[in-house]
Amino acid sequence: MPISFSCAKQLKREVSFILSIVPIFTLIVAAALSIFYWKAGMHIPLMIGVIAAAIIAVICGWTWNEVQRMMVGGVARALPAVFILLIIGIIVGTWIGSGVIPTMIYYGLMIISPTMFVPIVALVTGIVSITLGSSFTSIATIGLAFMVIGEGLGFPPGLVAGAVISGAYFGDKLSPLSDTTNIAPVMAETDLFSHIKHMLWDTIPAFFLSIILYWIVGNKILTNHIVDSNAINTIKIGLSDVFVIHPLLLLMPIFTIFLMIRRTPAIPALMSVGLLGALLAVLVQGRSVSTVVQMMQSGFSIESGIDAVDSLLNHGGLISMLGTIGLLVIATALGGVLEETGSFEVLTRKMMSKVQTAGTLISSTILATFVIAFASGAQFLAIILPARTFVSKYKSMDLDTKNLSRCVEAAGTVGINLVPWSVPVVFSVSVLGVSPGEFIPYTFFAFLVPLINILFGFTGWTITKKQYNNNT
């Protein structure tokens, strides 16, 4: 007698609830094993998740060619992000080699007060991220500079990285130039500026509380630690020995902000500042063209004799982004299969069947977004899939869909930084050189934004009502 699966032939396009959770459960188990036992990163666990999803799809009646097309479709959506990651690798290499980031570090060590350092990290990174519209670019430029400054002041790298990431995603969440900020309202069927205005209610309180926490934690560390002025002077001397330090080099980040304010498309704008950094490396630092090309390819490399400088400035290059890109490709391939087979829809349908109030709907949206974030590790999928799935439910309950767009941004854009194998976290690890276990506990903003949305859902505060003509 043949084995009977819950996906009968006549239900080819309907995955059962049990089968829909198999790939996600498999991925989470594989990820836990990889993190705690294999020490092998997230590429293999994600591949295991893809295999599990493909097997489920075949069991449910899809052919291998159809499954392959699902993977290709998922990856295709990530190609713009792939190019941006490659260019960011080039920017990091050329901005270090040209002296732009070393100059930021040098003057930062001169003017920043240790007692306010950690809150300033979050605040300045947030301002830069709002103007750039890119968390990745702000982390790779001003964030990397803050890591070296923090090292010189004696702060734990995890704390500084957490403040950098909190600031970066505060800015990314509110910037009209951000890709995720534009995608969320489109998927939730609302408009961009209503979406941004509505997000102020959760973003500003969460960031304000984060700043207070960074001030408390930073000063607690200072009470048990005396800032070593000799260490700061050693870093400054090391930088000035290796680089030409000049305030005019600070015009580079200002020029980058100008391009973004002018709404120059991201890829041309980033490529321009990357090439300009290469030109400055030749003209200002006196590096040969071949050396600059090598920096663009493999990153900047130096042996200054100062460990703090070497470990944090030996970064960048196109090659440094390949691991993150590989993760993004595998994650979006997995997401393509799970979306096209309807696995996500089956999971969320189960959640929505128990939704009766605004509070349970908001909580279910946040939960579903985190499920997708844990399953795929990809921001775009964590925003797009729940927004598509829940939009009709919000309309049927006469809740403005800008509540939905705010929720998917809270968990999909910001909360995903709590997932150790997510693309944003892996990117931060590759650029900042700090492990997820060190900085996730200090990424206060990523904890607070989803929690505030759940609180709003159950209290009804800031939850906007709206009558829709075509309720279902």
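So, here is what we can say about the structure in this document.

Cut-off values and rules
- Residues numbered from 1 in each chain as written.
- Predicted model: local features only at pLDDT ≥ 70, side-chain atom pairs only at ≥ 80, totals over all residues.
- Heavy atoms only, no water.
- Buried < 20%, exposed > 50% of the residue type's maximum accessible area, 1.4 Å probe, protein only.
- Helix = DSSP H or I, 4+ residues; strand = E, 2+ residues; numbered from the N terminus.
- Salt bridge = Lys/Arg side-chain N within 4 Å of Asp/Glu carboxyl O.
- Axes fitted to C-alpha atoms, helices over the stretch in contact; angles between N-to-C directions.
- Parallel < 35°, antiparallel > 145°, perpendicular 65-115°, else oblique.
- Left-handed = near helix turned anticlockwise from the far one by under 90°.
- Contact = heavy atoms within 4.5 Å.
- Nonpolar A, V, L, I, M, F, W, Y, C, P; charged D, E, K, R; others polar.
- Phe/Tyr/Trp six-rings, centres within 6.5 Å; stacked < 30°, edge-to-face > 60°.
- Lys NZ or Arg CZ within 6 Å of the ring centre and 35° of its normal.

1. Structural notes on helix H21 (residues 423–432)
- By the criterion of burial, H21 is predominantly enclosed, with eight of the ten residues buried.
- Those residues of H21 that fall on the buried side of the exposure criterion are Val423, Pro424, Val425, Val426, Phe427, Ser428, Val431 and Leu432.

2. A look at the pattern of salt bridges
- One pass over the structure, following the stated rule, counts three salt bridges.
- The salt bridge involving Lys173 is made with Asp202; its shortest N-O contact spans 3.1 Å. With Lys173 in helix H8 (residues 157–174) and Asp202 in helix H10 (residues 192–223), the pair connects residues that are 29 residues apart, well separated along the chain. Comparing Lys173 with Asp202 shows no difference in burial state: the two are buried.
- The residue Lys395 makes a salt bridge to Glu189 at a minimum N-O spacing of 2.4 Å.

3. Things to note about the packing of helix H18 (residues 358–376) against helix H19 (residues 379–396)
- As a packed pair, H18 and H19 sit with axes 9 Å apart at the nearest point and diverge in direction by 155 degrees. As judged from the angle between their axes, H18 and H19 are roughly antiparallel. Regarding H18 and H19, the two cross each other, and that crossing is right-handed. Residue-level contacts link Leu361, Ile362, Ser364, Thr365, Ala368, Thr369, Ile372, Ala373 and Ser376 of H18 to Leu381, Ala382, Leu385, Pro386, Phe390, Lys393 and Tyr394 of H19.
- The residue inventory of the contact of H18 with H19, partitioned by class, reads eleven nonpolar, four polar and one charged.

4. Observations regarding the environment of Ser376
- One can find Ser376 in helix H18.
- As for Ser376 and Val419, which are separated by 43 residues in sequence, their C-alpha atoms are 10.0 Å apart.
- Non-local contacts of Ser376, meaning those with residues more than four positions away in its chain, are made with Leu27, Leu46, Ala331, Leu334 and Leu381.

5. Re the packing of aromatic side chains
- One pass over the full model with this rule turns up 13 aromatic pairs.
- When the centroid spacing of 5.6 Å and the interplanar angle of 65 degrees are considered together, the rings of Trp201 and Trp461 count as edge-to-face. On the criterion of sequence distance, the pair formed by Trp201 in helix H10 and Trp461 in the segment after helix H23 (444–459) is long-range, its members being 260 residues apart.
- Using a relative accessible area of 44% as the deciding quantity, one classes Trp201 as partly exposed.
- Ring plane angle 75 degrees and centroid distance 6.3 Å describe the contact between Tyr442 and Phe444, whose orientation is recorded as edge-to-face.
- Classification of Phe444 by relative accessible area gives buried; the value is 13%.
- Taken together, the aromatic side chains of Phe117, Phe146 and Phe155 make up a single cluster linked through ring pairs.
- Geometry around Tyr106 places Lys236 over its ring, the cationic atom sitting 5.6 Å from the centre.

6. Topic: the packing of H8 against H23
- Running from N to C, H8 and H23 point in directions that differ by 45 degrees, and their axes come no closer than 8 Å. Judged by the angle between their axes, H8 and H23 are oblique. Note on element contacts: H23 touches H8 through Phe444, Phe445 and Val449, opposite Ser166, Tyr169, Phe170 and Lys173.
- Class assignment for the residues of the contact of H8 with H23 results in five nonpolar, one polar and one charged.

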